[in-house]
Amino acid sequence: MNARLFILVLTATAFLEACGGGDKFTASQPAGGSAGAPEAGMDAAGGAGGSLPEAGQTGGAGGSSGASGGSGGSPAGGSSGTGGSAGSAGTSTGGSGGTPDAGNCPPCGLLEECSPAGICVARMVVPRTQVSFVIDQTEVSNAQYAAWLALAPSATGQPAACDWNTDFTPATNTYGGCYGPGIWPPTGKESKPVVCVDWCDAQAYCKAVGKRLCQGSYLTGGGEWLSSCTAIDETLAASTCNLKEQLVGQPWDVANNPTCSSPTGVYDMVGNVWEWEDDTSDSPKNDARLRGGAYDTYKDNGECFQDWKAAMKTYGTNIGFRCCRDF
Ligand SMILES: [Ca+2]
Ligand SMILES: [Ca+2]
């Protein structure tokens, strides 16, 4: 090889290496997502693909079509700065990729999956390493709960402690503030967490979609919900989640703020709405435990440890839930 050819090879090699670095940019990097406004993302449903750092990862986990969907959302959002429209593209493909049984479900959102019942439900993740359960990434939304009610679920088969519960429809009366437009039906609030549900409603929903309420323990104070929550940086959560200091004054859409999440993408465990836990061992009072505080809860020193033992019949605009399942 003569000297000129040698220099030419060296130059070409350096050029290819430089280009190779550029090819490593993928949709799963948060850079593209952060270009999209969180609000726009959630309103468009698909926008979540552009605004949530986990969008590329969750789409990819669902299969090849999901991965390509995620890819579509982020680079466009990052380069053009139009996060909203980029997110829409990501959702239609990413959503179907993340749905294991898409044939029986309507198109599900990025943070949803298709349940055996044939309705879209919250996606689940392993909340931290080496645990034996998975947990919903989001609080159960109004749209998800409505899809279940549309199946006309039977009130039979509930635990004995729920004999009084003849209706799964969220309460609509003055107790707990459960009145006014949008409580039920939740017109215009489909992406917000379902509220005004009692413990028995929550338990029945989780069971119907092949899950269960997250386990807790009166004796130890720990359990699945708490251990998932404490994977969150609580200092960060207190400043970014929907607690009273944020002055939101009502629940926001599930996963509205990507920074209010654990490293594995479990959203709004701190604040937004209280979440029912499975433990009712405080019998005979039939109390159950709620976790994590809500939009009307003041910030505390240990957000995940905020709990409230309430009668199973309790409901309010600040009470919702999420589900868990054995891994
Ligand atoms: Ca009920
Ligand atoms: Ca919550």
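Please refer to the structure placed before this passage.
Just so you know, these numbers come straight off a predicted model, no measurement behind them.

Colleague: Looking at this model, I keep getting lost on the packing of aromatic side chains. Mind explaining?
Modeller: Any pair of aromatic rings gets described here by the distance separating the centres and the angle formed by the planes. Inspection of the entire model under this criterion finds nine aromatic pairs. For the pair Y145 and W148, a centre-to-centre distance of 5.3 Å together with 70° between the ring planes defines the contact as edge-to-face. Taken together, the residues span about one helical turn, with Y145 and W148 both in helix α8 (residues 142-149) at a distance of three residues. Ring plane angle 70° and centroid distance 5.6 Å describe the contact between Y205 and F321, whose orientation is recorded as edge-to-face.

Colleague: I keep staring at the coordination of the calcium ion (ligand 2) and nothing clicks. Help me out?
Modeller: Ideal geometry at a metal centre: 109.5 degrees between donors when four sit tetrahedrally, and 90 or 180 degrees when six sit octahedrally. Surrounding the calcium ion (ligand 2) are the protein donor atoms E139 (OE), D268 (O), G271 (O), V273 (O) and E275 (OE), at 2.3 to 2.6 Å. Positions of the donor residues of the calcium ion (ligand 2) along the chain correspond to the pattern E-x128-D-x2-G-x1-V-x1-E.

Colleague: What is the right way to look at the coordination of the calcium ion (ligand 1) in this model?
Modeller: Around the calcium ion (ligand 1), the protein supplies N165 (OD1), D167 (O), D198 (OD), D201 (OD) and D201 (OD) as donor atoms, at distances of 2.3 to 2.7 Å. Here the donor residues of the calcium ion (ligand 1) are spaced in sequence according to N-x1-D-x30-D-x2-D. You can see N165 sitting in the loop between α8 and α9 (199-208) and its partner D198 sitting in the loop between α8 and α9, a full 33 residues away along the chain. Each of the two residues, N165 as well as D198, counts as buried.

Colleague: When you look at the sheet that holds strand β6 (residues 274-276) in this model, what are you seeing that I'm missing?
Modeller: Strand pairing in a sheet is mediated by backbone hydrogen bonds. Such pairs are either parallel or antiparallel. If you trace the four strands from one edge of the open sheet to the other, you get β8-β7-β6-β9, paired in mixed fashion. Across the chains shown, the open sheet's two edge strands, defined by having one partner strand only, are β8 (307-311) and β9 (319-320). Two strands pair when backbone bridges link them, and β6 and strand β7 (residues 287-291) are joined in this way by two bridges, in the antiparallel orientation. Bridged to W276 within β7 is L290.

Colleague: Explain the sheet that holds strand β4 (residues 133-136) here, please?
Modeller: Here four strands make up an open sheet; going across it, the order is β3-β4-β10-β5 and the pairing antiparallel. Each having just a single partner strand, β3 (124-125) and β5 (212-213) make up the two edges of the open sheet. Judged from the three bridges that link them, β4 and strand β10 (residues 323-326) form a sheet pairing that is antiparallel. Counterpart to V134 in the pairing with β10 is R325.

Colleague: Quick question: what am I supposed to make of the side chain of N165 here?
Modeller: The exposure class of N165 is buried, given its relative accessible area of 4%. At a separation of 3.0 Å, a polar atom in the side chain of N165 contacts the side chain of D201. Excluding anything up to four places from it in sequence, N165 contacts A155, Q158, D198, C200 and D201.

Colleague: Would you take a moment to explain the nonpolar core for this structure?
Modeller: Generally speaking, nonpolar side chains in soluble globular proteins are found buried as a group. Counting residues in each nonpolar core, the largest one holds 30 residues, and the members touching the most others are Y145, W148, W199, Y205, W276 and F321. The set of elements that each furnish at least two residues to this core consists of α8, α9, β6 and β7. At six residues, the largest contribution of residues to this core is made by α9. Setting aside anything within four residues of it in sequence, one finds Y145 in contact with V140, F168, P170, W184, V194, V197, D201, Y205 and F321. Residues V125, A237, C260 and M269 belong to the second largest nonpolar core, which totals 17 residues.

Colleague: Honestly, the pairing of β10 in this entry has me stumped. Any pointers?
Modeller: A regular strand places its side chains so that they alternate between the two faces of the sheet. As judged from the two bridges shared by β5 and β10, these two strands associate in the antiparallel manner. Its bridge partner being in β10, R212 is matched across the sheet by C324.

Colleague: Hey, could you run me through the state of the cysteines in this one?
Modeller: Covalently bonding the sulfur atom of one cysteine to the sulfur atom of another cysteine gives a disulfide. By the definition in use, this model includes eight disulfides. Each disulfide pairs two cysteine sulfurs, and for C108 the partner residue is C120, the sulfurs being separated by 2.0 Å. The S-S bond linking C108 to C120 shows a torsion near -85°; that makes this disulfide left-handed. Of the two residues, C108 sits in the loop between α7 (83-97) and β1 (112-114) while C120 sits in strand β2 (residues 120-122), which places them 12 residues apart along the sequence. In terms of burial, C108 and C120 fall into one category: buried. In this model C162 forms its disulfide with C200; the gap between the sulfur atoms is 2.0 Å. As the torsion about the S-S bond is roughly -85°, the C162-C200 disulfide counts as left-handed. Of this pair, C162 sits in the loop between α8 and α9 while C200 sits in helix α9, and the two are 38 residues apart along the sequence. Judged by relative accessible area, which is 1%, C162 ranks as buried.

Colleague: So what exactly am I meant to see when it comes to α9 here?
Modeller: Along an α-helix, residues three or four apart share an orientation, since each turn contains 3.6 residues. Taken across its 10 residues, α9 has eight buried, putting it largely inside the fold. Regarding α9, the residues found buried are W199, C200, D201, A202, Q203, A204, Y205 and C206. Summarising the contacts, the buried residues of α9 are in contact with β2, α8, β5, β6, β7 and β10. Looking at where α9 begins, the residue whose side-chain oxygen comes 3.0 Å from the main-chain nitrogen of C200 is D198. G210 sits one or two residues past α9 and shows a positive phi near 80°.

Parameters at a glance
Residues numbered from 1 in each chain as written. Chains lettered and ligands numbered in written order. Predicted model: local features only at pLDDT ≥ 70, side-chain atom pairs only at ≥ 80, totals over all residues. Heavy atoms only, no water. Phe/Tyr/Trp six-rings, centres within 6.5 Å; stacked < 30°, edge-to-face > 60°. Helix = DSSP H or I, 4+ residues; strand = E, 2+ residues; numbered from the N terminus. Donors = N, O, S within 2.8 Å, 3.2 Å for Na, K, Ca; no water. Buried < 20%, exposed > 50% of the residue type's maximum accessible area, 1.4 Å probe, protein only. Pairing = 2+ DSSP bridges. Polar contact = N/O pair within 3.5 Å; in protein donor to acceptor, adjacent residues only side chain to side chain. Contact = heavy atoms within 4.5 Å. Core = buried A, V, L, I, M, F, W, Y, C linked by side-chain atoms within 4.5 Å. Disulfide = S-S within 2.5 Å.

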